[in-house]
Structures are given as C-alpha cells and as structure tokens.
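Coordinate inspection notes
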Amino acid sequence: MGQGKCCKAGEGLEIRFILIQNRAGKTRLAKWYMQFDDDEKQKLIEEVHAVVTVRDAKHTNFVEFRNFKIIYRRYAGLYFCICVDVNDNNLAYLEAIHNFVEVLNEYFHNVCELDLVFNFYKVYTVVDEMFLAGEIRETSQTKVLKQLLMLQSLE
Amino acid sequence: MPAVSKGDGMRGLAVFISDIRNCKSKEAEIKRINKELANIRSKFKGDKALDGYSKKKYVCKLLFIFLLGHDIDFGHMEAVNLLSSNKYTEKQIGYLFISVLVNSNSELIRLINNAIKNDLASRNPTFMCLALHCIANVGSREMGEAFAADIPRILVAGDSMDSVKQSAALCLLRLYKASPDLVPMGEWTARVVHLLNDQHMGVVTAAVSLITCLCKKNPDDFKTCISLAVSRLSRIVSSASTDLQDYTYYFVPAPWLSVKLLRLLQCYPPPEDAAVKGRLVECLETVLNKAQEPPKSKKVQHSNAKNAILFETISLIIHYDSEPNLLVRACNQLGQFLQHRETNLRYLALESMCTLASSEFSHEAVKTHIDTVINALKTERDVSVRQRAADLLYAMCDRSNAKQIVSEMLRYLETADYAIREEIVLKVAILAEKYAVDYSWYVDTILNLIRIAGDYVSEEVWYRVLQIVTNRDDVQGYAAKTVFEALQAPACHENMVKVGGYILGEFGNLIAGDPRSSPPVQFSLLHSKFHLCSVATRALLLSTYIKFINLFPETKATIQGVLRAGSQLRNADVELQQRAVEYLTLSSVASTDVLATVLEEMPPFPERESSILAKLKRKKGPGAGSALDDGRRDPSSNDVNGGVEPTPSTVSTPSPSADLLGLRAAPPPAAPPATSGAGNLLVDVFSDGPAAQPSLGPTPEEAFLSELEPPAPESPMALLADPAPAADPGPEDIGPPIPEADELLNKFVCKNNGVLFENQLLQIGVKSEFRQNLGRMYLFYGNKTSVQFQNFSPTVVHPGDLQTQLAVQTKRVAAQVDGGAQVQQVLNIECLRDFLTPPLLSVRFRYGGAPQSLTLKLPVTINKFFQPTEMAAQDFFQRWKQLSLPQQEAQKIFKANHPMDAEVTKAKLLGFGSALLDNVDPNPENFVGAGIIQTKALQVGCLLRLEPNAQAQMYRLTLRTSKEPVSRHLCELLAQQF
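Residues numbered from 1 in each chain as written. Chains lettered and ligands numbered in written order. Predicted model: local features only at pLDDT ≥ 70, side-chain atom pairs only at ≥ 80, totals over all residues. Heavy atoms only, no water.

The name given to chain B in an unreviewed UniProt entry is AP-2 complex subunit alpha, and the organism recorded there is Lynx canadensis. UniProt lists a comment for chain B under the heading Sequence similarities (unreviewed entry), and it reads "Belongs to the adaptor complexes large subunit family." (UniProt positions renumbered as here; feature names shortened; annotations may be inferred.)

Chain A goes by AP complex subunit sigma in an unreviewed UniProt entry, where it is assigned to Panthera leo. Taken verbatim from the UniProt record of chain A, the Sequence similarities (unreviewed entry) comment is "Belongs to the adaptor complexes small subunit family."

Considerations on helix α2 (residues 26-45) of chain B
Residue and element names in this part refer to chain B. Spanning 20 residues, α2 covers 28 Å between terminal C-alpha atoms, matching the ideal 28 Å at 1.5 Å per step. The complete set of buried residues in α2 reads Glu29, Arg32, Ile33, Glu36, Leu37, Ile40 and Phe44. Seen along its axis, α2 keeps its buried residues to an arc of 140°; they face one direction. Away from the buried face of α2 by more than 90 degrees, exposed residues Glu27, Lys31, Lys35 and Lys45 are located. Close packing links the buried residues of α2 with α1 (11-22), α3 (52-67) and α4 (76-83). (Helix = DSSP H or I, 4+ residues; strand = E, 2+ residues; numbered from the N terminus. Expected span 1.5 Å × (residues − 1). Buried < 20%, exposed > 50% of the residue type's maximum accessible area, 1.4 Å probe, protein only. Arc of directions from axis to C-beta. Contact = heavy atoms within 4.5 Å.)

Some words on the interface of chain B and chain A
A common way to report how large an interface is uses the accessible area buried once the components associate. The interface of chain B with chain A comprises 81 residues on the first partner and 69 residues on the second. Taken over both partners, the interface formed by chain B and chain A buries close to 6500 Å², and the fraction arising from carbon and sulfur atoms is 55%. Taken together, chain B and chain A are joined by 8 salt bridges. For B:Arg388, the salt bridge goes to A:Glu64, with nearest N and O atoms at 2.1 Å. (Buried area = accessible area lost by both parts, 1.4 Å probe. Salt bridge = Lys/Arg side-chain N within 4 Å of Asp/Glu carboxyl O.)

Structural notes on the sheet that holds strand β3 (residues 62-65) of chain A
Residues and elements named next belong to chain A. Taken in spatial order, the 5 strands of this open sheet run β2-β1-β5-β4-β3, and their pairing is antiparallel. Of all strands in the sheet, those with a lone pairing partner are β2 (27-32) and β3, marking the two edges. Sheet twist, expressed as the average angle between the axes of neighbouring strands with direction ignored, equals 20°. Pairing of strand β4 (residues 68-75) with strand β5 (residues 78-85) involves 8 bridges; the strand directions are antiparallel. Bridge pairing links Arg73 to Phe80 in β5. (Pairing = 2+ DSSP bridges. Axes fitted to C-alpha atoms, helices over the stretch in contact; angles between N-to-C directions.)

Re the pairing of β3(A)
Residues and elements named next belong to chain A. With 4 bridges connecting them, β3 and β4 associate as antiparallel partners. Within β4, the position partnered with Val63 by the bridge is Ile70. Count of turn residues in the β3/β4 antiparallel hairpin: 2 residues, of which Arg66 carries a positive phi of about 50°.

Quick word on the state of the cysteines
Here, disulfide denotes a covalent bond that connects the sulfur atoms of two cysteines. Residues and elements named next belong to chain B. Per the counting criterion, the structure on display carries 0 disulfides over all chains. Here Cys213 stays free of any disulfide, with the sulfur of Cys215 as its closest cysteine sulfur at 9.1 Å. Accessibility expressed as a relative area gives 9% for Cys213, which makes it buried. (Disulfide = S-S within 2.5 Å.)

Now the structure itself:
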C-alpha cells in the first residue's frame, strides 16, 4: 500500500472547530475542539470569514484553509462552517451541518439568527448532543430532539 | 422573542442582550458592559447571599460578555458553585462557563474535579452527561489524571444509559488523544469492541470513533473489530431505506455510521478471513450498485448522504488496492461525476481520482478521462476545482500523454490564479523532465515556462535546466540556438537572461558558425540586457563574458572594454567590482592555454534527486509528494530519465549555486567518496586547483581566493566584511573528537573536496583551496532530516599551541537549519608556522529538542601549504645531500594497503602538494617530489622519495626537510595514503 494512503487512514473523523457567522462577520457560535489561544481564535474567525464569504453559490461547499478544509453551508445570512482534515469525508460533514440546522429549526420553531443570539447557552447544549470531542455523537434528529425537550422540561 | 425561551428564559439576560444590540457604537457597548460588570461585581460581593437563579443569570451574562470578546476576570467561583446545584439549568450554565473559560487555577480545578466526581457518581444520566461533556470539552491533563480510570468503567457498565455510554466513549477518546499514557488498557478494551454490536445506533456511532482511534495506536489488539464492523456495515447497507427509522436520513440508512465504519476498516489491510472478506466485497459492490439506481428523492440531502458513503467506499477500495474489478468500477463511477452538474461532485471526483491514478490497476482507466479533466481545467469557475484538475493531470501523466498534458498546463498557466502559479510551474518542470523523450522538447518547455510565468520560475527550476543541458551533449547546440532566439524578444524575463547567459557562455560556440549568431552578435545581444538586470544576473553575465573571451578570442577587446569601464571597475557593488577586476586581469595576464584550462566547459553534474521535486514536496507537505510521485508504479519511467527519479535517501540537496558558476568545477560536497578506481581519483585531484594548475600566473592573492567563491548573490563574501573572530571555547568545553575522526582526516590529506562526515542527521561537505600560506575552506552543513535544527553552531577550536601556529577565522552561520536545507560556512585560514595537529571542528545543535554535539578534525594538515617546486635532477641531488643530518630525514617502510597502481600513486602525490620530478630517480618505478611548505614565519623545503616494491607489496618512503618534526609528520601523513 502506498504511503499516502496510510496517512489518510491515520486521520479519523475529527472536527477542529465549528463556527457560525453572519455575513457581517459576527460570530454566533464558536466551538473549538483543538487548543488555540484567544488571539489565534480571533485570527481564525476572521480568516474563515474572509475565505467563505467571497464564494458564490456555483462554488463548492469545500474550501482549503491552511492545512485544513472548511466545509460550509449558507442558510439565509448565516454561514455554518466546520473545519476538518483535508482528506476527511467532505459530504458527510456537509450533511452533518444540515442535520444540525434541521434540529435547531425544530427546536426553536423556525430558527432565525436572533434565536441563536438570545439562546446562545442552549445552542451549546444542542452542539454537545450532536458533536462531542470533535466527533459526531448522535445523528438521529428524533433522539436529539427528545433529549432536548426532556432537558427543557427540567428546572 | 424566540419560541423556546418563553417562560423559561432569564429575563434580565434577554434585556441585557437587547441593550447591547441597541448600542449604536462600540463606545456605547463598552459603557453598557462596564455598567453591567460593576453591577454583577457588587452583587457577587454583596452581603446578601444570592439565590441559584440570580447566580446563574449573572454567570450567564459574564459568559455573554466574554463571548463578545471582552476579558472576564471574576465570576469563576460563582460558576463553580453552580456545579453543585441540583437544578439542571444552574448546573448547565456552570459547566458551560467552565468549558468556555478554562482556567488552570489549581485551586479551582480541585473544586471543579470534585463537582465532576460527584456528578459522575450521581447515577443521574443528565448530570453524568453534563460532567462527561465538560471533561470532553476541557480535556486537560489534570482531568485525565482524575478521571481516565473511571470513564472506561462507566462506558462498559451494564446499567449505563445509552446517552451516557455515547458521551463516555467520546470523552474517553478525547482523553486518550490528549494523554494516551493516562488511559489504562484492560479488560474494558475487549468489551468496547463489542459496542459495535450495540442495539442503539447512537452508541455504535460514538463507539466507532473511539475504536478507530484505539486501532491506530494498537492495531493488533483490536483486530477483532474488523469482522464486527463488516457485519454491522453489511446490515446497514443491505437494509431497506426505511428499516432504520430514526437513523435514516433522507432515505439513506445511517450514512454517518456507514462512513465511520468504512474509515475504521481503512486502518487495516483487507480482511484475511475469506468469509469476512466476501461479505465486505459484497457490501462495497452494493454501494457501487446503488449509485446507479435512480434517486429516491430529488433533494440534495439524499444524494449527498448517499455519495458520502460512496466516496468513502471508493477510499476503502483504493486503500486495499487489490481488487482490480472494484478499482475500475470506482473509476467509472468517478468518471460519471466528472461531468455532473453539481460542482461539489466534480470537485470530489477529481480529488478521489487523483489517488486512483497511482494504482497500477486503475491508472489506465483514469487516463481515459483526460479530455474531461483538461476541459475542467479550462472551464471550471471555482479555482479549487481547477486546482484539483491540475493535480489529477499531474497524477495521470505518463510518457504516453506527457506532451498533451504539459502543453495544456502551460496554456492554463497563462490565466491561472497567482496563488497556484508556482505550483503549476514546478509540476510542469517535473513532468517535462521526467517524461522527456527528446531533450529539445524539455528545453522548449522550460523556456516557455520562463516566458509565460517568469516570476514564478524558482531557482530550482532554472538551475535544473542548466544541469540537464550541461549533462547531455546532444541538446547543447539546440539549447544554445533556442535561448539565442528567445533573447531576441524585446522584453524578456530576467530568468531568461540568466539561462541564456549561462548557456551561451558554455555552448555559444556551437552556434557561432552561423553569421546571424556570430560571437559579436551573441555578445551584444546579451549585453543589451545587462543594464536592466539585477546584480546577481549581471554577475552571472560577467562570468559569461570572460568565458566568451576564451571561446571567441575576437571578442576579447570589446569585452575587456566593457570590464574596464568605470561602471564595472568602480561599481559600488563589491561582487561586480571584484569580478570585473579579476576577469580583466585574468584576461590580460593569463596565456590562452591557461585561460582555456581555467574556463573549460563545466563537467557533468552528479545526478541526484531533482531539487524541483524536493521543492514541490516541501510545498505540498510530505504526504502529498509521496502520493503523487513515489506511489507511481510505472516501470517504464525508470529507464531513460532515471536520474530524475527520487531516491528516498538523498534528502540533502546542495544548492546548485555552489557549483553553478565556479570557474573551475569542483565536485560538490555530495559527491560519493572516492573509490579506488584511478579515473575517479584523477578527476578529484585535478579539480583541486593550485596543485593541479601551478602555473596560473601572478594574480593578486584576493583574486585567487575569490575564484573559488560561489557567486551566489546571498554570499557577499569575506573580502570586505569583518570576519567574525572564531569564538574559541576552551578545549575543555568541547567533547573529544569522534573515534573515526583520524580516519576521516586521512581521507583529506591528498584531496581538498568531498564529504567530511555523514550520519543520519547531518552531512558535512568540504571544499577548500590553499595557496602559499593561506587557505579558504567552505563547509557545507546539510540537514538530512525534515526537522529544523535549532541553535546550530559550528566552531573551530585550536587545541594546545595551535593558536600560535594556525589562524582560522570563521563566519557565523544561521542558528537554524531548515529540514532538507544546507548552510555554508566560510573559513579563512592562515598558516603562521609549522604545526602538527589539525584544528578541531565542534558542531552543536538541537534536533527535536535533544542537544547534539560532534567534534571532528578539520582537514587542515601541514601539507596543504605545500608549494610544488620543479627542479632538475642535478639540483635535486644536491639539495638531498645538503639535508643529510639524521634528524632531517624521516623514513618509513610499510605494507601497501591499496592496489599498487602507478597512476593512482602519482595522483596522490600531486594531491599531497609536492611537484613530481621525472627523470630524477634512476629507477623509473620510483617517485621523487619536491616542494616548499609556506608558513608566515618560515619556509620549509621538502624532498621526498617513494620506492614501491611490487613483489613484496611494500613501500619505502623517505622525507628530508630542514625541520625535524616536519619530516616526521609529513612522512606519517603520507604513509597512510598508500
């Protein structure tokens, strides 16, 4: 087997960070799965915004970024971005984003940007239900929503 | 108000967020925040104990302020307090604050860990999950130490809830990645593998990630997961689109779990068990078949999910690289995607096909798509898609399609984005060289590259074309003609001038017969570009001019005029001025014979890894280079252009600048050590300089020394610069020379150039030249690893009295040596009086944090300062008799260690430095030599005689000098050479 292929298998499904930004560059969620210091985080946020917002709808949903790839999808004015290794499964993450957005939509009954602003602490809970330690934790919308509603009912 | 926050929200928080949103300016926002911070601080400091709700609300506000980008320096204690609340909403805010604002305050960590411990033990699945998520989010070593032992237990406990198992698996994964040493392997590991059978698909989804990570570190311990993963995959793939209910996504059963299982299998070679393998192949075929079925939904989510599995399946097929049938099917499937209307699919197909191209089974199938890929290169709107197309063309290139691909890439280069031009240039240069059938095509291609994208043609590329032209005499005339034509363009890139200048200087004579490119025409063409060029290029052109004087005597007067012009002779640039002075003197003082010898055509370059390939690998990172180049199994690519194939061992690529323009070609430091073959040795010796060319004429000393100097622009040399004094650490500071130091030194007694030392990390090459009592030595330190050397410091040490005998000035070198890079150090040496021990070279650096040190003997021995002396037989015998005191003579009789070959012996004696006198000894088998050792304080005359006895395989060596220690020392040095 070629060397390059072993390298490929050497990387698991692993997310480096998840960002939700609006067109103006305001961050609506930043979830980090790698250690970065605060300056580095700010730099990444700005760079991702610069890379993603210049692309149009005919472009791919994948863009190489430093040594990684950003998988992103735009919903109205919001960009949902997931940073992964270059040889990770692009489409699996693209749909993981959509799956996440559908859960948010159900949970907030037609989610809009303001929901994410006012309920930022709940968005973290949704993320942790679906992604943990940089891996996909749960993919069933039914199961996630059931759990979220159960938590919602707790005091 | 958002639907979900009705009733349960924190009103104060919502009001605060609204206030912030209504701020018209940054200043107003800061003012509002400061007001809130003061308010919260007073609440936290107040006498009245806060209730849980208020605490939660204020901590949440602090978190919001932090997320806006402001510093928060209080509230941690209140957040920790929330952890021990028994209300979920309060606990959740506490954990969130801790996860986002990690603080390694040791006192708090103890409290936090305590709260986590309580929650893990609570048997309340909600609290357990909160605690596990906190560990997974923080993932610090302290948490690893506290909990790494507990979590496996929670993971495999029979009574753990499914959601807890999911969180525990990923929490453990995080701790294992951060500090694998803290996670004890044990009885739980076997049970973890069986989670692949778990009824709950969410548990399987989480567990596969953990198992994949564990497999990579301990593949043998987890082998049993292969058959479990295959059967799980098989059940998913063969299920109907609605079977899996919750886990069906747009009619695709469990897409993410399928992808994860397929990636897990990529940790291993194909299953050994035939039944398992059969079942797996069936799965892979099913996935490929499904791709051909009509879609169950028009939604893009459906096709994305389906194709996520398909691409991962293809990755596994490529990883196995053993099923020709599947590989070809995969290739056909990707071929369909190449023309798909979705940009994403075209991009992914190009990317995936790139790896398929390196498999021998599918290489041909990939090649059939060449037209589509070329079309993609021309028409795709997204630059990242075009880049994938360029990568794929590079990967599918072989001798059959090289011309087409190279010409398409050249065309693409004209419009390519600036960001990828250099990479395209490198790729074209590599392909042109690798698959050149005739080298005129190669030369055309590189000149086209310079014409189209001159700014992006790096040194490596144009050095390489010079090396190839120098090494192949069938292309030299063509190259000269082509560069001559290219230079006719009114505006040509400076790199073209460089290549043109060099090639015409070497091979301009091959086209001089044509009146249209007669010597004066060639010269005036080059000189018309001169004034617009940078210093480095002008320096190169000056060397071309002196070569012209040798090639075309009729241009001598014109060129001398140019050199003599004040703009050259008094040029503010030292390098240009020096060249003008030296070349002018050389051209007027040296006889035609000498000039012809000095300016002889460059000898062939030794073949080594193409520096371009090395550069591409550096650009793309180690993985990419190997996937693209080394993985190719095209047996035919080795024969004709063999020298270009990368050889994994040659990591250090000496900068070609060192030998590019040297007037006298010296073998570069990477040259293999001389073998016993006579021819080899002769070349070595004759390229050494003064020993081989004693009649160079009375050039000034500076001029002599600088001739050896590599004219690369980055080395404005020592003549004017203050050489840094050798910082001499006392000899006690450095280690003893390595055991083989003497042996290495002996190799350099009779030669001046070669590899002084080499181990797995470092290669040290030497190039040196001596004249009278002066010498200059270049040391080339090559980093053979891919890791940077830190604190790199080579110093020269004079043990004992040596300081009064030999002066060595060194120039400092950069403290960092990049992986694969080479640095050069210059030593100026002056022999003050006779000496017996060589100076020591101490090299220290840090490699991957570990200090390395090495002490060698510098190859400077007394015989380096030999001036050969020619004399007649009569004179020789007269002097021989004058040195007849017993202490003036040293004699040694010794056994031959090497085959006794008269030519080799001659070469060695010449390399030693003495003149060889013919017709002196009555016995023609014997060798007689004479010379003077030049030191600043005194001169020592030396006579020597070497009498071989072929029958006995013995030699007798006799040395007579005016100084007793010198006689003995020379005798010892020389005796070890035979």
